[in-house]
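What follows is the residue order along each chain.
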Amino acid sequence: MSSPKLIALSGSLRKASYTTALLRTLAANAPAGVEIEVAEVADIPVYNQDLDVEPYPEGVARLRAQVQAADGVLIGSPEYNYAMPGSTKNLLDWLSRPYGKAALAGKPALIITTSPASTGGVRAQSQIRGTLAAIGAHPLGGAEVVVPFIDKKTTDGVFTDEGTLSFIEAQVKRLVDEIEVRKT
């Protein structure tokens, strides 16, 4: 098995984001031989087709290159008002272009949604899955990763719920297995 590289995208721009803390905790605890890089996305502008021309905005060019270089993608997103937030949709919109050469096209992806509520972002999960399918990405099937009460599971910027972390790490391993199957 080669050493897969995963890029983690957070749909939360808040400095003390629980979702980003979860992704950073996953990166720090990546399975042996797996690299997880958490992308910086705060400088990605709102999608505007007028800006989607060469030279691309610096943050967009960097993000597209990171996603293209990765073997797979972790998409972490909170749920706002029963939906994926605009920041998550904005990232997906930038990564769905240019048509026919989208950075996300063909990429295996694990969706992780979070919420301080008991639903864990299940509605956002569904919306992200649909958007990824439209782009031509390959969202991982099987158990969905939804994290309820995330505000109670994060301390000082670190995700601390061992049971949930263990479950998510197993899903990351499933993503790695999917990447390996697609390489053959």
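The structure this text deals with has already been given above.
No experiment lies behind these values; they were computed from the predicted model shown.

1. Structural notes on helix α1 (residues 18–28)
Link 1 in the chain: Among the residues of α1, those classed as buried are T19, T20, A21, L22, L23, T25 and L26.
Link 2 in the chain: Between a side-chain oxygen at the N-terminus of α1 and the backbone nitrogen of T19 the separation is 3.2 Å; the capping residue is S17.

2. Examining the packing of aromatic side chains
Link 1 in the chain: Going through the model one piece at a time under the given rule, you end up with 1 aromatic pair.
Link 2 in the chain: A ring pair is formed by Y47 and W94, whose centres lie 4.7 Å apart and whose planes are at 70 degrees; its orientation type is edge-to-face. Here Y47 is found in the loop between β2 (35–38) and α2 (58–69), whereas its partner W94 is found in helix α3 (residues 86–95), with 47 residues between them in sequence.
Link 3 in the chain: A cation over an aromatic ring shows up here: R64 above the ring of Y56, its NZ or CZ 4.7 Å from the ring centre.
Link 4 in the chain: Taking the ring centre of Y82 as reference, the NZ or CZ of R123 above it sits at 3.7 Å.

3. Some details on the environment of I75
Link 1 in the chain: Relative to the elements of secondary structure, I75 occurs in strand β3 (residues 72–78).
Link 2 in the chain: Between the C-alpha atom of I75 and that of I112, which follows or precedes it by 37 residues, the distance is 6.0 Å.
Link 3 in the chain: Beyond its immediate sequence surroundings of up to four residues, I75 is in contact with L9, L92, A109, L110, I111, I112, I128 and L132.

4. Overview of the nonpolar core
Link 1 in the chain: Of all hydrophobic cores here, the largest spans 27 residues; its most connected members are L9, L63, V67, L104 and L132.
Link 2 in the chain: Breaking this core down by element, the ones donating at least two residues are β1 (5–10), α2, β3, α3, β4 (108–114) and α4 (122–135).
Link 3 in the chain: In contact with L104, other than residues within four places in its own chain, are V67, V73, L92, L95, L132, I135, G136 and A137.
Link 4 in the chain: Ranked by size, the runner-up nonpolar core spans 22 residues in total, among them A8, I112, L140 and V176.

5. Details of unusual backbone geometry
Link 1 in the chain: Here the residue pair E54 and P55 is connected by a cis peptide bond, since its omega of -5 degrees sits within 30 degrees of zero.
Link 2 in the chain: Tracing the sequence through the fold places P55 in the loop between β2 and α2.
Link 3 in the chain: At the junction of R97 and P98, the peptide bond is cis and its omega measures out at -10 degrees in the coordinates.
Link 4 in the chain: The phi angle at N81 is positive, at roughly 50 degrees, despite the residue not being glycine.
Link 5 in the chain: Residue class for N81 comes out exposed when judged on its relative accessible area of 77%.
Link 6 in the chain: The residue Y82 is not glycine, and still its phi comes out positive at about 65 degrees.

6. What to know about the side chain of S87
Link 1 in the chain: Structurally, S87 can be placed in helix α3.
Link 2 in the chain: Residue classification places S87 among the buried positions, given a relative accessible area of 19%.
Link 3 in the chain: For S87, the residues in contact, after removing those within four places along its chain, are G11, S12 and L13.

7. Let's talk about the packing of α2 against α3
Link 1 in the chain: The contact between α2 and α3 brings their axes to 10 Å, and the two run at 75 degrees. By the angle between their axes, α2 is roughly perpendicular relative to α3. Residues V60, L63, R64 and V67 of α2 lie in contact with α3, whose contacting residues are L91, W94 and L95.

8. Some remarks on the environment of A134
Link 1 in the chain: Inspection of the secondary structure assignment puts A134 in helix α4.
Link 2 in the chain: The class for A134 is exposed, based on a relative accessible area of 70%.

9. Regarding the pattern of salt bridges
Link 1 in the chain: Within this structure, the stated rule accounts for 11 salt bridges.
Link 2 in the chain: The partner of E37 in a salt bridge is K5, with the nearest N and O atoms 3.2 Å apart. In this pair, E37 is assigned in strand β2 and K5 in strand β1, connecting sequence segments 32 residues apart.
Link 3 in the chain: Residue E37 is classed as partly exposed on the basis of its relative accessible area of 25%.
Link 4 in the chain: A salt bridge links D52 to R64, with the nearest nitrogen and oxygen atoms 3.0 Å apart. One end of the pair, D52, is in the loop between β2 and α2; the other, R64, is in helix α2, with 12 residues separating them in the sequence. Accessibility assignment for this pair places D52 and R64 in one class, buried.

The rules behind the values
- Residues numbered from 1 in each chain as written.
- Predicted model: local features only at pLDDT ≥ 70, side-chain atom pairs only at ≥ 80, totals over all residues.
- Heavy atoms only, no water.
- Buried < 20%, exposed > 50% of the residue type's maximum accessible area, 1.4 Å probe, protein only.
- Helix = DSSP H or I, 4+ residues; strand = E, 2+ residues; numbered from the N terminus.
- Polar contact = N/O pair within 3.5 Å; in protein donor to acceptor, adjacent residues only side chain to side chain.
- Phe/Tyr/Trp six-rings, centres within 6.5 Å; stacked < 30°, edge-to-face > 60°.
- Lys NZ or Arg CZ within 6 Å of the ring centre and 35° of its normal.
- Contact = heavy atoms within 4.5 Å.
- Core = buried A, V, L, I, M, F, W, Y, C linked by side-chain atoms within 4.5 Å.
- Axes fitted to C-alpha atoms, helices over the stretch in contact; angles between N-to-C directions.
- Parallel < 35°, antiparallel > 145°, perpendicular 65-115°, else oblique.
- Salt bridge = Lys/Arg side-chain N within 4 Å of Asp/Glu carboxyl O.

These figures capture arrangement, not role.
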